Every structure is written in C-alpha cells, then in structure tokens.
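One-letter residues, chain by chain:
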Amino acid sequence: MEKLEHTVFQISELIGKERFGTLSEEENEVLEEWRRQSAEHETLYQKLQDTRYLSESVARLSGIDTRQPLLHMQRQIAGFTRRRQVLRLRQIGGVAALFLILLGGFWLVHRQSSLRQPPVDRPILAGGPRAVLHLGNGELIHLDTLQQTITQGEVRISKTDDRKLSYDSRQEKNEKSGKVVYNEIEIPRGGEFDLVLADGTQVWLNAESRLRYPVEFSGKERKVVLEGEAYFQVKKNPSLPFRVEIRNQVIEVLGTEFNVSGYKDEVHVYTTLVNGKVKVATTGRDMTLLPGEQCVLDTGDGSMIRQQVDVDKIISWKKGKFILEEQTLEQIMQKLARWYDITVFYQNPALKNKVFKGSVPRYAELQQVLNILEKTGEVQFHIQNRTVIVKE
C-alpha cells in the first residue's frame, strides 16, 4: 500500500509538471512508461487533462469551490509572453502540482473504495447536441441549457431547436459598423451542433471541434477559423468570398457545399467537395476541386494530393452513420473516442493498422457498435468504465 501511495503521488506531480511545461526529459520518460503499463493508468492520465474533472474532483476532496481559481490560473499562464514564461511557470507549476497531488490522493481513496464494490455495467450512449458558446466579452454559455435570445449589437442569437444556433442581423449591409466582434462555438467530445451564421451560411459541427467567426461579416471577405470537422453550406455571394482557415490551409469558396476535417491529433486535413467549386491553398501551393474530389493535405511536409471519393461516405456522420471505407482501426477508434467520449487502450499496438470496411450506426450504444466490429473476427473489445481495451 505504501509503494502504491508513493507511485500515485509521484505520477500526479509529473502530470502537473507536464501540464505547465516544467517536465524534464528524464521525468517525461518515467511518465510515458507509467502510461503504457495499463489502460487504467492511461484513463487517469486523460482525466487529469480535463479542467472540469480537475476542479470538480478537488472540490469533492477539499469541500471548496476550486473551479474559478484553477481557471484563473490557466488564464494567467495563457497570457504570459515567452520571455516571462519560464520564471512564472516555476511558481505556478508548484500550485498545479499540488492540485494534481491532491487529485492523486482523491483517486487513491476512490480506487480503494471501488475495489470493495462490485462493478456496475452502464451502457455508454452515443453523443448528442452539446456545445459551449464563447461570446466576445468572455462570457461562456452552455447551449444545451440556453432558453432566451441573446443580443450582441444589432444581431440576435437564438436556438431554433435543441441542436441549432442561429444569428440574425437586423442591420442593412451599408449600416454595419467597421468593428468586428467574434464568437466561438466549442463542441466537446460526445457532442455535435448546427450553426447558421449571420450571412445565412449553415454549418454542421462534429464532436471535439470549434469554429471562430464574426457575429456579422463586414469588409471584403467572410472568414472563419475551424478546428476539427464541419460540413459547410455556404450562402452564395460573389462579391464577398467565404474562407475557412484550418491548420495550414485556407479554403476559398463563393457558394458551395463541402466537408473539411483536420483534427490536431491527425496528420492530414481532408477537404471534400459536394457541389460547386473551392480552392484549397497552403504555403506555396493551391488546388481547385470539383464535385466528388478530395484534397488531402499532409501537415508534416505540406504536400497536397487530389483523389476521387464517394462523397456520401465522407459525410455519412452528418446523416447518422459511420461508413468505414478502407480505414484503419486506429482511425475508426479515433472517431468513436470523440463521439462517445472514451479513451482507447491497445494491448498490442500492431492492432491499430488493421483495415476495416463497412457501416455502423452513429446513434447506437457503444457496445452495439463494437459488436459489429467484433463480427469480423479480427479484434475484440472490453469496456472498463469509459476505457475501451482493444485486444486480439
């Protein structure tokens, strides 16, 4: 028991240092080795990256509200310049480590109590309409609980149903002020949401994605910034081109429908044209797509390739399915992890490269989806809390 306690507190401190940039190379090796030891370790590691889990867990442990101090501490860190960062991080890193050491104790108590109780199997349900709106003044609004209309200047923001947010500008084009106010919609793991921008452009956002956009468009272009995956149905306006920035590329359109996917934990950005015409550009290169074509950008070396695809399969997530077209198990499980908000642990890393094809329902319980994959005879799954263990 004494050895277990020492390990938990040591690892908690290492995660705290990693989170705030003070982890040495030797300490990083220790932490990585610990993560590889078991699925339980990897689950704990992922939980300690979650701000909400941190604050709520420490509150349960200590009986105080820690959310605001923790968020304030993170905002302070984000605001420092590189020249001032090192000294300040040493100070704040100690506070962070203390938070995580406390959480280590919390986890230790929770683990000991859970060992004395029989496990309860609870189905992992599919994601649903969940999103957080970041207003220009810093206010956060959880859209699943939003009831009233929000007003920003001359723009009304309201939910038209339980999964769609709409912007309605009451000003004429020639009346619009030059000041641009930005909002950002954040879709968490296990979420999805639809958005109608002030110009009438419709956006469907997939899990673990975010979109930054003006409350109302002005100037010579309509520009938004995307992380993750979204489907765009752009309102046509030849005098005001619509541009989507995502990682190392810019997509320019006049009026069209396309899907773009570029998650930070993936090497490639995929732009798929449904109809119309788009130009995809990166540093020193550009490519014009026709319907049914896909541009694949390698964010590592900047190369771009064009390929013909089945558009219906690419946008199947928008229509309630996951159609798996010659995808590796790692690619499939990345999608499921975002949608079901789970952690995936591979007993044998070689399993990541197995290739599958077929179709699975998007709104089914996770176990049903995994059962379909198991029928191939290539892989088996075991669910432990919110961790899926993949084995042969």
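Everything below is about the structure shown above.
Since we're looking at a predicted model, the values are computed, not measured.

### Side note on the overall build of the protein
And then number 1: The secondary structure content of the protein amounts to nine helices and 24 strands.
And then number 2: Burial statistics for the protein: of 392 residues in total, 43% are counted as buried.
And then number 3: Partitioning the contacts of the protein with sequence separation of at least 6, the portion at a separation of at least 24 is 51%.
And then number 4: In the structure as shown, the protein presents an accessible area of about 20900 Å², 47% of it carried by carbon and sulfur atoms.

### Considering helix H8 (residues 329-340)
And then number 1: Relative to the 16 Å expected for 12 residues at 1.5 Å per residue, H8 spans 16 Å between its end C-alpha atoms, a close match to the ideal helical length.
And then number 2: Summarising burial for H8: nine of the 12 residues are buried, a large majority.
And then number 3: Positive phi shows up at Asp341, right after H8, with a value of about 55°.

### With respect to the sheet that holds strand S21 (residues 343-346)
And then number 1: In spatial order, the strands read S21-S24-S23; together these three strands make up an open sheet with mixed pairing. The outermost strands of the open sheet, each flanked by one partner alone, are S21 and strand S23 (380-384). Strand after strand, the sheet turns through a mean of 25° between neighbouring axes, direction not considered.
And then number 2: Of the strand pairs in this sheet, S21 and strand S24 (residues 387-391) are connected by four bridges, and their pairing is parallel. From the neighbouring strand, Phe345 faces S24, where its bridge partner is Ile389.
And then number 3: In the packing of H8 onto the sheet, contacts are made with S21, S23 and S24, and the angle to S21 comes to roughly 155°.
And then number 4: Relative to the sheet, helix H9 (residues 366-374) contacts S23 and S24, its axis offset from that of S23 by approximately 160°.

### Re unusual backbone geometry
And then number 1: Of note in the backbone geometry, Asp341 takes a positive phi value of approximately 55° without being a glycine.
And then number 2: For Asp341, the position within the fold is in the loop between H8 and S21.
And then number 3: Its relative accessible area of 36% is what places Asp341 among the partly exposed residues.
And then number 4: One non-glycine residue, Asn385, lies in the positive phi region at around 55°.
And then number 5: Residue classification places Asn385 among the exposed residues on the basis of a relative accessible area of 67%.

Cut-off values and rules
- Residues numbered from 1 in each chain as written.
- Predicted model: local features only at pLDDT ≥ 70, side-chain atom pairs only at ≥ 80, totals over all residues.
- Heavy atoms only, no water.
- Helix = DSSP H or I, 4+ residues; strand = E, 2+ residues; numbered from the N terminus.
- Buried < 20%, exposed > 50% of the residue type's maximum accessible area, 1.4 Å probe, protein only.
- Contact = heavy atoms within 4.5 Å.
- Areas by Shrake-Rupley, 256 points an atom, 1.4 Å probe, with all protein chains shown as cover.
- Expected span 1.5 Å × (residues − 1).
- Pairing = 2+ DSSP bridges.
- Axes fitted to C-alpha atoms, helices over the stretch in contact; angles between N-to-C directions.

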